[in-house]
Amino acid sequence: MNNSPSSKELLELPLEKLIACHECDLLMLKPELADGETAECPRCGFELYTNRHQVVRRSMALVIAALLLYVPANFYPIMRLNLLGQASVDTLWSAVVGLYNNGMEGVAVVVFLCSMAVPLLKLLCQFAVLLSIHFNIGRSYGLLLYRIYHHMRDWGMLEVYLMGILVALVKLADMADVTLGMGLMCFIALLLVQIWLEVTMSPHQIWEALSQEQPHAGN
Ligand SMILES: [Zn+2]
């Protein structure tokens with residue numbers, strides 16, 4: 001830590017004025033950013049944070065889009081399968097039920113949690129957090145929900161399921177007549193919207209907004 005302000009000077013500053021690089025732990029003065037600017041670590045070049053324009057509104061639009069896509073992604077057919085004259089239509093939900101009924105209860109529960117329950121809870125948490133910032137109500141609850149959201153992030157594994165579905169489709173295409181369904185399109189769209197949302201909803205701005213002006217200073 002032998003950068004511009006000496007370490008002694010840094011330690012005397014209030015904590016809100018300091019920022020540490022996530023990548024190389026360099027402690028530095030927090031730069032004031034204008035709309036749309038990005039701060040990078042002077043040592044390793046890691047992006048410290050970005051001040052995105054209208055972060056709450058843009059994130060809100062993406063969360064609503066994701067919630068709207070969630071229903072068809074889970075309940076519309078992923079694919080239609082025609083094998084020796086037998087047709088079957090599969091949705092994500094019917095796959096979970098199928099696993100459960102075939103004696104794979106444990107797998108069914110894991111698939112249900114990681115592909116349906118956690119992604120929905122994550123979206124609802126993000127939605128509630130954004131609402132609490134937008135309407136300036138219950139920010140202490142918003143803070144709690146945002147913490148919960150960060151814990152759940154590792155458990156929603158839509159990308160893994162998409163890979164699984166694609167591999168299965170490629171394999172099945174040789175054996176049977178496979179038609180892709182609306183569910184798969186919605187699933188892919190949901191995944192893309194969620195990635196976009198992760199990029200847009202800059203955590204730095206959300207944490208900062210949540211810790212500002214709390215009516216009943218809830219820690
Ligand atoms: Zn760094």
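Not measured: the values here are computed from a predicted model.

### Topic: the coordination of the zinc ion
Part 1 of the reasoning: Every protein donor of the zinc ion is accounted for by Cys-21 (SG), Cys-24 (SG), Cys-41 (SG) and Cys-44 (SG), and the metal-donor separations fall at 2.2 to 2.3 Å.
Part 2 of the reasoning: In this structure, the zinc ion is coordinated by four donor atoms arranged in tetrahedral fashion, with angles at the metal of 103 to 112 degrees.
Part 3 of the reasoning: All donor residues of the zinc ion come from one chain, and their arrangement in sequence is C-x2-C-x16-C-x2-C. Of this pair, Cys-21 sits in the loop between strand 1 (18-20) and strand 2 (27-29) while Cys-44 sits in the loop between strand 3 (38-40) and strand 4 (47-50), placing them 23 residues apart in sequence.
Part 4 of the reasoning: Judged by relative accessible area, which is 1%, Cys-21 ranks as buried.

### Regarding the sheet that holds strand 7 (residues 177-180)
Part 1 of the reasoning: Within the open sheet, the three strands sit side by side as 6-5-7. Their pairing is antiparallel. Two strands lie at the open edges of the sheet, namely strand 6 (86-90) and strand 7, each paired on one side alone. For this sheet, the mean angle separating the axes of adjacent strands, direction not counted, is 15 degrees.
Part 2 of the reasoning: Where strand 5 (residues 79-83) meets strand 7, four bridges bridge the pair, whose relative direction is antiparallel. Note that in strand 7 the partner of Arg-80 across the bridge is Thr-179.

Cut-offs applied
Residues numbered from 1 in each chain as written. Predicted model: local features only at pLDDT ≥ 70, side-chain atom pairs only at ≥ 80, totals over all residues. Heavy atoms only, no water. Donors = N, O, S within 2.8 Å, 3.2 Å for Na, K, Ca; no water. Tetrahedral: all angles 85-135°; square planar, octahedral: opposite > 155°, others 65-115°. Helix = DSSP H or I, 4+ residues; strand = E, 2+ residues; numbered from the N terminus. Buried < 20%, exposed > 50% of the residue type's maximum accessible area, 1.4 Å probe, protein only. Pairing = 2+ DSSP bridges. Axes fitted to C-alpha atoms, helices over the stretch in contact; angles between N-to-C directions.

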